[in-house]
Amino acid sequence: MASSCPSRTSSPDFGDEDEYSNLMSTVTPISSPARKRTADDADLDLDTLSSISGALPVALRPNGNHLQVIGAYATRKRLRPEQVAEVESFFSDPFPVQMAKLFVNVKANENALAKFQAAKPKFEINSDLKTNLTRATNATLCSIQITQYRGEAAKNDIQTLLTRHRWGNFVAGTEHDKAAMDVIQKFIGDVLTQSRSAIKKEIVKSVETAKQKKSQDPPSLRPDHTHTTIYQLTKTIVQKLSGGKAISIPITPALCARVAMMRKWHVRRIENKLSPEDAGKSLWELVDQDLQIIRTVARKDTEDSAEIAKRVAKAFAAILDKDRKRHGSNPTEEIPDTIDDALVSYQADIDGTIEARSHGQTVSTGEGTEEQQCEGST
């Protein structure tokens, strides 16, 4: 018994464009078999006809001419001979089989991709990248532009800097590797946690009475005149964040004012002067809350960036002045400005990135592209 399937012809190599075009012009269109209209058709409205035609796809078999064109096209796309034969076989299959094969191949591709991803070597941060990420993270915590000490804002700022400068083995395209970015984000998060802990530890030491080991006594404050001055406290913090080596973060009155804000909230907790709403918050939550209030007040009735910056600076100057009057024995201690141009330039890059993000501005990533920064929370 003769087979009802059309015969499969071999697929020639149509390297010539004109020859392929001529073959395409001879393709016979596939048409549905015609039938006579019956009286029952008059009872079917357009919606019914539409639903029937949509629910019952017509399985049409290609003829030999179609298979020849399909094979030619597959050959032009550099498919292997066995793949060309598989394509021709696919178009001769019934419609449900075709759909099943498509779905099976989607799942097969998913498995192949998962296997490829699993076989990739795990991304490891090299020493140069670790050094630069640590420095950038600590400089971010010491930035006078930082709007939030906790949360994702600081991580995003550091990632922007990383994409711009390509430190260590963070080569182009690494930012699109989710596994690699997870490793980097975790490292940044760990450094942020460790550095915040180091800052808080120095603040505690600057005002509290030293406790005996295993002592259950609540923390208490030393006499005010024995407290560490704000400049010396800030200098100690910067040295800690610099790994005990040469200072890599410029010490300025503005940075001292930030540290004074942190110390203010720690002292209030020790003195039990926190409101019931604030009593359950961490030091960094209180500091972030204070930052938000300062900026909200500074933006009241004005959109002038220069005026806002002036008001913010005035608020921090008042915080610094109060700290200097209370803590330490030298309220007039001079806070010298850093004159190291390299440190100032590096910190300016950090500050500029944070400021752009906090104002929702677009910043360059250093690769001819720009990145839109989300507006900060303060």
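Residues numbered from 1 in each chain as written. Predicted model: local features only at pLDDT ≥ 70, side-chain atom pairs only at ≥ 80, totals over all residues. Heavy atoms only, no water.

With that settled, consider the overall build of the protein chain. What the protein chain contains, in helices and strands, is 14 helices and 2 strands. Per-residue burial for the protein chain yields a buried fraction of 34% across its 378 residues. Taking as baseline every contact in the protein chain between residues at least 6 positions apart, the subset at least 24 positions apart corresponds to 68%. (Helix = DSSP H or I, 4+ residues; strand = E, 2+ residues; numbered from the N terminus. Buried < 20%, exposed > 50% of the residue type's maximum accessible area, 1.4 Å probe, protein only. Contact = heavy atoms within 4.5 Å.)

This brings us to the packing of helix H6 (residues 127-141) against helix H7 (residues 153-165). One can describe the packing of H6 onto H7 by two numbers: an axis separation of 10 Å at closest approach and a directional angle of 135 degrees. Taken together, H6 and H7 sit at an angle that is classed as oblique. For the pair H6 and H7, the sense of crossing is right-handed. On H7, the residues that touch Leu-129, Leu-133, Ala-136, Thr-137 and Thr-140 of H6 are Ala-154, Ile-158 and Leu-162. When the residues that make up the contact of H6 with H7 are grouped by side-chain class, the tally is 6 nonpolar, 2 polar and no charged. (Axes fitted to C-alpha atoms, helices over the stretch in contact; angles between N-to-C directions. Parallel < 35°, antiparallel > 145°, perpendicular 65-115°, else oblique. Left-handed = near helix turned anticlockwise from the far one by under 90°. Nonpolar A, V, L, I, M, F, W, Y, C, P; charged D, E, K, R; others polar.)

With that settled, consider the packing of aromatic side chains. Tallied over the entire structure, the rule returns 2 aromatic pairs. Look at Phe-90 and Phe-91: their rings are 5.3 Å apart centre to centre, the planes differ by 90 degrees, and that puts the pair in the edge-to-face class. Taking 5.5 Å as the distance between ring centres and 40 degrees as the angle between the ring planes, the aromatic pair formed by Tyr-149 and Trp-284 counts as tilted. Of this pair, Tyr-149 sits in the loop between H6 and H7 while Trp-284 sits in helix H12 (residues 283-298), placing them 135 residues apart in sequence. Here Tyr-149 matches Trp-284 in class, with each residue buried. (Phe/Tyr/Trp six-rings, centres within 6.5 Å; stacked < 30°, edge-to-face > 60°.)

Moving on: the confidence of the model for the protein chain. Confidence in the prediction for the protein chain averages 82 pLDDT; 77% of positions are at 70 or higher. The least confident element of the protein chain is strand S2 (residues 370-372), whose mean pLDDT is 45; the most confident is helix H10 (residues 253-270), at 96. With pLDDT under 50 throughout, residues 1-11 is counted as low confidence; its partners more than four residues away or in other chains account for 18 contacts. (pLDDT = per-residue confidence, 0-100.)

Turning to the pattern of salt bridges, a few remarks are in order. One pass over the structure, following the stated rule, counts 18 salt bridges. For the salt bridge of Glu-110 with Lys-107, the shortest nitrogen-to-oxygen distance reads 3.5 Å. Residue Glu-110 and its partner Lys-107 are both found in helix H5 (residues 95-119); the two are separated by 3 residues, about one turn of the helix. Exposure remark for Lys-107: the relative accessible area of 37% places this residue in the partly exposed category. The salt bridge partner of Lys-178 is Asp-182, with a shortest N-O separation of 3.1 Å. Remark: Asp-182 and Lys-178 occur in helix H8 (residues 178-207); sequence separation between them is 4 residues, near one turn of the helix. (Salt bridge = Lys/Arg side-chain N within 4 Å of Asp/Glu carboxyl O.)

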